[in-house]
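# A closer look at the structure
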Amino acid sequence: MVDDLRLAASKMTGAERRSFQAEMCLKYCGGSARQTEIVFGWGRKNVQLGLHEKRTGIVCLGLQSVNSGCKKWEERYPIVAQSLKEIAEAHAQQKPTFNNPIAYTRLTAG
């Protein structure tokens, strides 16, 4: 049964996982995050956070999705990106066969 609960928790992420871990902590370990760590092998701090979220009703949000990865160049410089798009559209031409609506441009970075 312990292996099944570990597998179920591994398929979840974030607040959903913490909520599940807190439920299992309350049900099988008497609300002890330390005991849950020993029995299930889950991080004690995650279980404690899940218990706090359950008690208060406030869900903590992580900043991983906000701060991870680089923003696209177009997002960092939207005005310049729009200007370059307008310049490229002025020089764009359709393929002579008119088979598709894609316009082609012979512009280079220089």
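Residues numbered from 1 in each chain as written. Predicted model: local features only at pLDDT ≥ 70, side-chain atom pairs only at ≥ 80, totals over all residues. Heavy atoms only, no water.

## Description of the nonpolar core
- Formed by 13 residues in total, the largest nonpolar core has its most connected members in L5, F20, M24, F40, W42, V47 and L51.
- When contributions to this core are tallied by element, the ones reaching two or more residues are α1 (2-10), α2 (14-28), α3 (33-40) and α4 (44-56).
- At four residues, the largest contribution of residues to this core is made by α2.
- L51 has contacts with A22, C25, L26 and G31, leaving out every residue within four places of it along the chain. (Core = buried A, V, L, I, M, F, W, Y, C linked by side-chain atoms within 4.5 Å. Buried < 20%, exposed > 50% of the residue type's maximum accessible area, 1.4 Å probe, protein only. Helix = DSSP H or I, 4+ residues; strand = E, 2+ residues; numbered from the N terminus. Contact = heavy atoms within 4.5 Å.)

## Things to note about the packing of α2 against α4
- At a minimum axis distance of 8 Å, the contact between α2 and α4 shows a crossing angle of 90°. With respect to α4, the element α2 is oriented roughly perpendicular. Every residue of α4 that contacts α2 at A15, R18, Q21, A22, E23, C25 and L26 is listed here: N46, V47, L49, G50, L51, E53 and K54.
- Across the contact of α2 with α4, the residue classes tally to seven nonpolar, three polar and four charged. (Axes fitted to C-alpha atoms, helices over the stretch in contact; angles between N-to-C directions. Parallel < 35°, antiparallel > 145°, perpendicular 65-115°, else oblique. Nonpolar A, V, L, I, M, F, W, Y, C, P; charged D, E, K, R; others polar.)

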